[in-house]
Amino acid sequence: MGSTRFAAPSSSRRSLEVSLAALIAVGVLLIFWSQQRYPALLKKLHAGAAIKVAGPISFDALLKVTPAMPAPTRVMRTSVNWLYTNRFGMYFALPFGAAMMTLLAGVGTPPRRFSSAAGNVLCGAVAGAPMGVCTNCATPVAQSLLLAGASTRLTVAAMISSPSFNPVVVAMVFVLFPLPLSAMRIVAPTLLLVALPWVVRENELTVKSFGVSSGAEGLGARLIAFCGTYLRNLLRLTVLTLPWMLLAAVVGATAAEMIPAYGTHVPVSFVGVVLVALLGTLLPVPMALDVALAYVLYHAGVPTPYVAAMLCTLGPVSVYSLSALGKELGWATSLRLGGAVALLGCIAGFVMMRWPVS
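Residues numbered from 1 in each chain as written. Predicted model: local features only at pLDDT ≥ 70, side-chain atom pairs only at ≥ 80, totals over all residues. Heavy atoms only, no water.

### Considering a nonpolar patch on the surface
(1) Moving on: On the surface, Phe 270, Val 271, Leu 275 and Leu 278 cluster together into a nonpolar patch covering about 410 Å² of accessible area.
(2) Moving on: Relative to the elements of secondary structure, Leu 278 occurs in helix α10 (residues 270–282).
(3) Moving on: The partly exposed category is assigned to Leu 278, whose relative accessible area is 42%. (Patch = residues over 30% accessible without salt bridge, like charges linked within 9 Å, V, L, I, M, F, W, Y side chains within 5 Å. Areas by Shrake-Rupley, 256 points an atom, 1.4 Å probe, with all protein chains shown as cover. Salt bridge = Lys/Arg side-chain N within 4 Å of Asp/Glu carboxyl O. Helix = DSSP H or I, 4+ residues; strand = E, 2+ residues; numbered from the N terminus. Buried < 20%, exposed > 50% of the residue type's maximum accessible area, 1.4 Å probe, protein only.)

Written as structure tokens, this is what we have:
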């Protein structure tokens with residue numbers, strides 16, 4: 001898709017529009033953090049070893065799923081449960097992403113970036129850690145930033161950091177798992193971020209989001225123009241997001257139902273670790289479910305190498321985020337990123353095969 005060009009209004013003309021977009025972004029973020037995400041994460045942290053999951057890829061179960069149901073029925077219901085679990089993240093991601101598109105386009109110039117790859121990656125990692133969204137719900141925000149001209153490496157680093165380095169989720173890891181597994185859960189995404197400059201190429205300074213027209217006169221007309229621009233960006237982001245989200249729900253549910261997690265109660269093998277790492281890389285799990293699901297499997301007696309592989313691969317990316325990034329950045333970039341995550345998961349599993357922990 002070609003760039004959407006617009007005439008940048010003067011600083012005095014765009015101050016109202018930029019302020020309104022910033023207000024929406026901050027308001028959505030604070031409401032999301034205070035009313036849903038951090039209360040929910042803290043509740044999971046306080047649950048400790050009593051933490052439970054309602055399905056293979058969801059915390060919540062809107063529809064009941066039983067092994068006796070036909071496979072298509074299980075897949076359909078698991079897909080609905082996944083969408084239902086991710087609803088709060090999407091309630092945040094779409095309006096926040098549209099606000100960022102409007103804000104950055106309203107500034108009139110593409111977002112500033114560091115001259116060094118390390119600076120962009122570090123900035124993205126620091127900004128993403130407190131965000132509190134899984135890689136799936138971080139994807140619309142990433143799409144909005146890329147459309148607004150943000151650094152590719154900064155954006156992808158934030159996507160990885162949000163589910164991987166959220167302080168509450170990290171605390172859950174150290175509460176639930178032995179130190180070797182906990183350390184792997186931190187080291188794997190850290191290495192992924194270190195390798196990011198070689199995995200993801202930097203994009204060009206191009207703005208594709210809609211900016212507010214400078215032709216409106218009077219407060220009322222400017223407010224109407226701003227609302228129209230914001231809604232256009234919101235609609236564009238929704239159209240970009242919805243197909244990939246529905247695809248991720250079906251693909252993730254199919255994989256989870258056709259290859260049950262408890263099927264990993266098999267002798268540990270090289271091939272088994274690779275398959276588990278690939279499955280963990282693709283499954284689109286909600287925020288903190290990577291930790292909760294890995295702990296449920298660990299507590300149930302699943303071999304530690306398989307648990308380690310899943311713990312290190314379930315969070316950073318998913319079939320949804322990889323598909324959306326492939327559409328925006330090219331499928332080669334998506335394959336390199338997914339391959340890097342799977343490789344780190346394999347290494348974690350192989351280490352546990354060599355030095356197992358009880």
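### Considering the UniProt feature "transmembrane region" (unreviewed entry) in the chain
(1) Moving on: According to UniProt, the positions carrying the feature "transmembrane region" (unreviewed entry) are residues 15–33, 88–107, 154–177, 183–200, 237–256, 268–298, 304–325 and 337–357.
(2) Moving on: Secondary structure over residues 268–298 splits into 74% helix and 0% strand, and the C-alpha atoms at its two ends are 14 Å apart.
(3) Moving on: For residues 337–357, the end-to-end C-alpha separation is 29 Å, with 86% helix and 0% strand making up the annotated structure. (UniProt positions renumbered as here; feature names shortened; annotations may be inferred.)

### Some points on unusual backbone geometry
(1) Moving on: You will see that Ala 288, though not glycine, has its phi angle at about 75 degrees, which is positive.
(2) Moving on: With respect to the helices and strands, the residue Ala 288 is situated in the loop between α10 and α11 (289–299).

### A closer look at helix α8 (residues 179–199)
(1) Moving on: When the terminal C-alpha atoms of α8 are compared, their 29 Å separation across 21 residues agrees well with the 30 Å that a helix rising 1.5 Å per residue should span.
(2) Moving on: In the structure, α8 departs most strongly from a straight axis at Leu 193, where the bend amounts to approximately 30 degrees and where the proline Pro 197 lies between one and four residues downstream.
(3) Moving on: Taken residue by residue, α8 has Leu 181, Ser 182, Met 184, Arg 185, Ala 188, Pro 189, Leu 192, Leu 193, Leu 196 and Val 199 as its buried positions.
(4) Moving on: For α8, the secondary structure elements touched by its buried residues are α4 (117–128), α6 (152–164), α7 (167–176), α11, α12 (304–313) and α14 (331–354). (Expected span 1.5 Å × (residues − 1). Bend = angle between axes of the 7 residues up to and from the residue. Contact = heavy atoms within 4.5 Å.)

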